[in-house]
Amino acid sequence: MTQNQHTAVSNQPQGESSLVQAAMFSPPHRPVPPTQTALLRGAAPQQQKQQQQTALSEIPVQEIHGETEDVEGYDQPGPESLLSGEWTAPSGLLPDVGQASFGPPPSPAETVHGPDDRVQIQNTAIYPWSAHASLLITANDYSTWIGTGWFIGPHTLATAGHCVYIKNSGVPGRDGWVRSIQVMPGRNGALLPFGFVTSLAYHSVTGWTDTGDENYDYGAINTPINMGNTTGWLGIGTWPDDDLLATAGNIAGYPGDKPAGTQWYASRQISSVTPFKVYYDIDTAGGQSGTAVYRAIGGDRYGFAVHAYGGTTVNSGTRINRAVYDNLVSWSA
């Protein structure tokens, strides 16, 4: 009997469904200011509702019209540039955590294809940029690496499996659950608008931890406090193939080829999908492993893949199919 590769595992004491037939989603959350949160606790139910509506209307939120973010200076490139140019290996103060499992480029690593279309996010303290976190990852051998995660609940971030569990590194003492992860939401270089926490609790699935199969390269991080209530979080969802192929994907994160700890954004149409993967030519670089590939619906953001890999013409992420969705919802409970 074949083991279900989506069987959840964790470093804490704790029939495959790969095709998406219909959409399912878990809603996002926009943060409520701490002062308003305190007011809500002592108010009557009707007052709570009125105060919460007022609070939400006052929260600074990045505008979005249609499918892509309205980021100053960003113009979504046309298809004419998809195959132009060559990839230059990223360089940074710390290496992408993907290199811990896969080795340095040209093995799987996120890439920029042709002209670099990414733009820097200047105000990372507003939603949805606040829901993206820079990760400083310490492996079992005390080597340090960078990655990206994104809040999907009050105390949970989705990320790549290789951000929480290093596999097949070939370095004695490095493989296995990482030692610790410093989570820095909305980081902007040396500025940490929400501070940071150190996480010691992680989740992934046997398809990654046992076999290192990239089709199952996803995981989650639990934080010791409910930072997501302050930063907000993205929704998650599953959609059929045709729906995703008609969608523009959005990616923000912390690439290692840009100034340390700065957040960058880009967007393009989804190129292709399989039951396990989503492919796109959205520019990224090492360090963005684990970030969300998300879409906009009615002004809300929903992740539908976990960015993890690159290629000569397209990058790719682990698709949030029903099994992935169920695990992410369970881990964020």
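Let me sum up the structure you'll find in this document. (Residues numbered from 1 in each chain as written. Predicted model: local features only at pLDDT ≥ 70, side-chain atom pairs only at ≥ 80, totals over all residues. Heavy atoms only, no water.)

### Topic: the packing of aromatic side chains
Aromatic ring pairs are reported here in terms of the distance separating the ring centres and the angle at which the planes meet. The full count for this structure, using the stated rule, is five aromatic pairs. When the ring centre of Trp264 is taken as origin, the NZ or CZ atom of Lys258, which lies over that ring, is 4.4 Å away. (Phe/Tyr/Trp six-rings, centres within 6.5 Å; stacked < 30°, edge-to-face > 60°. Lys NZ or Arg CZ within 6 Å of the ring centre and 35° of its normal.)

### As for helix H8 (residues 322-331)
Buried within H8 are the following residues: Ala323, Val324, Tyr325, Asn327, Leu328 and Trp331. Where H8 begins, one side-chain oxygen reaches toward the backbone nitrogen of Ala323, 3.2 Å away; that side chain belongs to Asn321. (Buried < 20%, exposed > 50% of the residue type's maximum accessible area, 1.4 Å probe, protein only. Helix = DSSP H or I, 4+ residues; strand = E, 2+ residues; numbered from the N terminus. Polar contact = N/O pair within 3.5 Å; in protein donor to acceptor, adjacent residues only side chain to side chain.)

### Quick notes on the pattern of salt bridges
All chains considered together, the criterion is met by nine salt bridges. The closest approach of N and O atoms between Arg118 and Asp257, which form a salt bridge, is 2.7 Å. With Arg118 in the loop between helix H3 (98-102) and strand E5 (119-120) and Asp257 in the loop between strand E16 (248-253) and strand E17 (264-273), the pair connects residues that are 139 residues apart, well separated along the chain. Its relative accessible area of 6% is what places Arg118 among the buried residues. Judged by its relative accessible area of 28%, Asp257 falls in the partly exposed class. In this structure, Arg295 and Asp243 form a salt bridge, with 3.1 Å as the shortest nitrogen-oxygen distance. Taken together, the residues span a long stretch of sequence, with Arg295 in strand E19 (residues 292-297) and Asp243 in helix H7 (residues 241-245) at a distance of 52 residues. Exposure remark for Asp243: the relative accessible area of 29% places this residue in the partly exposed category. (Salt bridge = Lys/Arg side-chain N within 4 Å of Asp/Glu carboxyl O.)

### Topic: the side chain of Asp281
Of note, Asp281 is situated in the loop between strand E18 (277-280) and E19. Judged by relative accessible area, Asp281 falls into the buried class, the value being 2%. Among the polar contacts listed, one links the side chain of Asp281 to the side chain of Arg268, at a separation of 2.2 Å.

### Notes on the nonpolar core
By size, the foremost hydrophobic cluster in this structure holds 28 residues, and its most contacted members are Trp129, Trp150, Leu234, Ile236, Tyr265, Ile320 and Leu328. Per element, the largest residue contribution to this core is four residues, and it comes from H8. In terms of nonpolar packing, the next biggest core, distinct from the first, is built from 26 residues, Val97, Leu135, Trp208 and Tyr309 among them. (Core = buried A, V, L, I, M, F, W, Y, C linked by side-chain atoms within 4.5 Å.)

### Some points on unusual backbone geometry
In the segment running from Tyr127 into Pro128, the intervening peptide bond is cis, with an omega of 10°. Within the element layout of this structure, Pro128 appears in the loop between E5 and strand E6 (132-138).

### Observations concerning the sheet that holds strand E8 (residues 156-159)
Here eight strands make up an open sheet; going across it, the order is E1-E13-E14-E8-E7-E6-E11-E12 and the pairing antiparallel. In the strand order of this sheet, the two ends are held by strand E1 (8-10) and strand E12 (197-199), each with one partner. Geometrically, the sheet is characterised by an average inter-axis angle of 35° between neighbouring strands, direction not taken into account. Pairing of E1 with strand E13 (residues 201-205) involves three bridges; the strand directions are antiparallel. (Pairing = 2+ DSSP bridges. Axes fitted to C-alpha atoms, helices over the stretch in contact; angles between N-to-C directions.)

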